[in-house]
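Spelled out from the first residue to the last, the chains are:
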Amino acid sequence: MTEADLKHINPKEILWASLNEILSDVNLSLKADDFPIQNTRKEFKGDLTLTLFKASKAVKLSPPELGQKIGEYLTKKFSEYFSEFEIVQGFLNISFSDDFRKRLLYEILQCENFGFVAVAENAPPVLLEYCSPNTNKPLHLGHLRNIFLGDAVSRILRACGKKVVTMNLVNDRGIHICKSMLMWMKDSRSKTPENTGIKGDFLVGDYYVQFDKLYKGQVEQLMAQGKNKEEAEQNAEAIREARELLRSWEKGDPTVLQDWKTMNKWVLDGFRQTLSRLNIAFDRWDFESNTYLEGKKAIEEGLQKNIFFRAPDGSVRVDLSSHGLDEKVLLRSDGTSVYITQDIGTALMRYRDYGNIEGMIYTVGNEQDYHFKVLFAILDKLGYSWASRCKHLSYGMVELPTGKMKSREGTVVDADDLLDEMFETAKEITTELGKTEGLSEEEKNELYEMIGQGALRYFILKVDPHKKIVFDPRESIDFNGHTGPFIQYTHARIRSVIRKSGYEKFDLPTDNTPMLNESEKHIINRLYSFPEILVECLQELNPAPLANHLYELSKEFNRFYHDHSILNEQNNALRHFRVCLTEACGRQIKKGMELLGIRVPERM
RNA sequence: GGCCUCGUAGUUCAAUGGAUAGAACGGAAGUUUCCUAAACUUUAAAUACAGGUUCGAUUCCUGUCGAGGCCA
């Protein structure tokens, strides 16, 4: 990456610098940050807008008077950047000169990775955990939101110069996997993915559903015999058998361990297959079966240092009132661990492995908000300074119209099924539109996958992670309008123009380009905003602003494409300029979509 | 009961405290001798409610109602 990649020309900063100079010239006791800067709204003439209310109060001039003064100075002293201005109410709208706009465009074209920041070699890493499945069922739509978010955030972090280690923490032990194991054993261990042709994670997931049916039936029976609900749930035979299995596992019973290994492998193979289809690879996989004992040690140490205490009932607890939280149990009275026990262990192990870290990010649903507050508070109490750099990337659940998805009741949208459906829809639409001509079978399939997945990823990533998503399986995900395929289509269209243009270099323009039109101005304004959008995504750990930016850019380009001719433009200088503008859009769409984990086609 | 999220057109989403609240889908009407019509243009339609802070509130604060979640 070159120097230019690191220092982008930034109109807002230029305006601030110019303002500061002017203010010292005229002896107004104001600073540039008394003037909030925003992009000028489309209905008004101009590119950047200064809000004058705050400053005008301070210098006892009316907003229009102050605006007039500043506007005049700016356009006079910095005429190379700012050509004219207009005051509407308390707003000073400033227009760029066409020369400045063209400079912006060529600056953007000169940077191979405009908006990106090079990664410093010795930078401490950010550890980013996402996916984190249980090994008792296949990945479903909820996991997909997690995976898409985590993947996009990892790419955005890297684009912003961070070194990232992505990790998948697999919850491969516990009662849930024992439930599936139990049913498989009852089924005389006969079925395998090989002899049934069922993908391993689905096979194990089926047993999990079967367990739930059996268990529920037993609970009902017990209740019919007069037991209350809690008693029935505790004493049903199925759950007792599953618990027994868990105890045998913890004791290290070789037969149980063997079965456990067998079934886990089936599920993990299934996961790897789905993840590979999604083009997701983790830098590191952790398994809770390897880390869960680690937490207990940390608790013992904390107990010795009096950070934790033993309650009268024998459990180990921590008082978090110093952090505005309650008391929390860390080890049960019988010495067994709770969820947070192993999370503490995992965090400490990671810290040991990576030493100096920039931060740790956990991509986990918002039902765990409280859990992570507690975890970070405990790490802080244990005296780890990096606790303050731990973040919970929290996101809303994906729900069906009927409510929450529940694996054990079979009311889930499986990731594999959804991906297949998206593929089929993409195939159907593409074929209908007759866009498959000249493509080999392999190329066609690659295209359908790209479009289907693009639609799905975009559908999820354009939404603010805080919000829950309601997914209605009866309504298919759109391929028109504010969607991934719309942006992919725009890219394909751009590539087509560029191919036909014959251009390979996009160098500096001749000076005599005619005046730019509104579309061209708007596009350039979008393009140069890219770096600040990335910064926003980084700060919020939220890919949605980028998704929306790329849509706006595509929309603006399509409008331009419709209203103005690029290759048929008669004026040479203008045609050159437009081809360059088109190229810049294409590159930004491609790079930006890549950050969302969405590939864009050369034609579609 | 305590705490946390979220409430914007019929639906799905936008809007660093700023201007006339933007889009998309769906509805209505239109655009193809021209660079890809998965496109473009026009049109009807929304800030849950009540207060407060502010020159200015969808955004911040308080309360009410509603949806979801966590803790006990």
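Residues numbered from 1 in each chain as written. Chains lettered and ligands numbered in written order. Predicted model: local features only at pLDDT ≥ 70, side-chain atom pairs only at ≥ 80, totals over all residues. Heavy atoms only, no water.

With that out of the way, let us pick up the domain arrangement of chain A. With domains assigned, chain A is organised as domain 1 (3-96), domain 2 (173-263) and domain 3 (417-595). Taken over C-alpha atoms, the centre of domain 1 sits 32 Å from the centre of domain 3. Between domain 1 and domain 3, the contact holds 8 residues from the first and 7 residues from the second. A buried area of about 630 Å², summed over both sides, lies between domain 1 and domain 3, and 44% of it is on carbon and sulfur atoms. Connecting domain 1 to domain 3 are 2 salt bridges. With a closest N to O distance of 2.9 Å, E532 and K12 form a salt bridge. At the junction of domain 1 and domain 3, the tally comes to 3 residue pairs in polar contact (both at pLDDT 80 or more). (Domains from an automatic or database assignment. Contact = heavy atoms within 4.5 Å. Buried area = accessible area lost by both parts, 1.4 Å probe. Salt bridge = Lys/Arg side-chain N within 4 Å of Asp/Glu carboxyl O. Polar contact = N/O pair within 3.5 Å; in protein donor to acceptor, adjacent residues only side chain to side chain.)

In the structure shown here, the tally under the stated rule is 26 aromatic pairs. Judged by centre distance (4.9 Å) and plane angle (70°), the rings of Y81 and F100 are edge-to-face. With Y81 in the loop between α4 (63-77) and β3 (82-88) and F100 in helix α5 (residues 98-110), this pair connects stretches of sequence that are 19 residues apart. The class of Y81 is buried, set by a relative accessible area of 14%. F100 gets classed as buried once you look at its relative accessible area, which sits at 0%. Between F372 and F376, the ring centres sit 5.9 Å apart and the planes meet at 45°, which makes this aromatic pair tilted. Of this pair, F372 and F376 both sit in helix α15 (residues 369-381), 4 residues apart, which is roughly one turn of the helix. (Phe/Tyr/Trp six-rings, centres within 6.5 Å; stacked < 30°, edge-to-face > 60°. Helix = DSSP H or I, 4+ residues; strand = E, 2+ residues; numbered from the N terminus. Buried < 20%, exposed > 50% of the residue type's maximum accessible area, 1.4 Å probe, protein only.)

Glancing now at the environment of L382. Tracing the chain through its elements places L382 in the loop between α15 and β12 (390-395). Given the relative accessible area of 17%, L382 is considered buried. C-alpha of L382 to C-alpha of M181: the two residues are 201 residues apart in sequence and 38 Å apart in space. Each residue touching L382, except ones within four places of it in the same chain, is listed here: G302, I307, F308 and I344.

Glancing now at the protein's contact with RNA strand B. Lining the immediate environment of RNA strand B, one finds 52 residues, of which R41, D464, Y489, R493 and S496 sit closest. K468 places a polar side-chain atom, nitrogen or oxygen, 3.3 Å from a sugar or linking oxygen of RNA strand B. At 2.9 Å from a base oxygen of RNA strand B is found a main-chain nitrogen or oxygen belonging to L567. When contributions to the surface near RNA strand B are tallied by element, the ones reaching two or more residues are β1 (37-39), β2 (48-51), α3 (53-59), β4 (91-96), α15, α16 (415-432), α18 (484-501) and α20 (544-563). Counting residues per element, the surface near RNA strand B draws most heavily on α18, which supplies 7 residues. When grouped by side-chain class, the residues that make up the surface near RNA strand B number 20 nonpolar, 15 polar and 17 charged. (Near = heavy atom within 4 Å. Nonpolar A, V, L, I, M, F, W, Y, C, P; charged D, E, K, R; others polar.)

Further remarks concern unusual backbone geometry. Its identity as a non-glycine residue notwithstanding, S188 has a phi of 55°, on the positive side. Within the secondary structure, S188 sits in the loop between α7 (175-186) and α8 (193-196). Located in the positive-phi region is R189, a residue other than glycine, with phi close to 50°. Within the secondary structure, R189 is located in the loop between α7 and α8.

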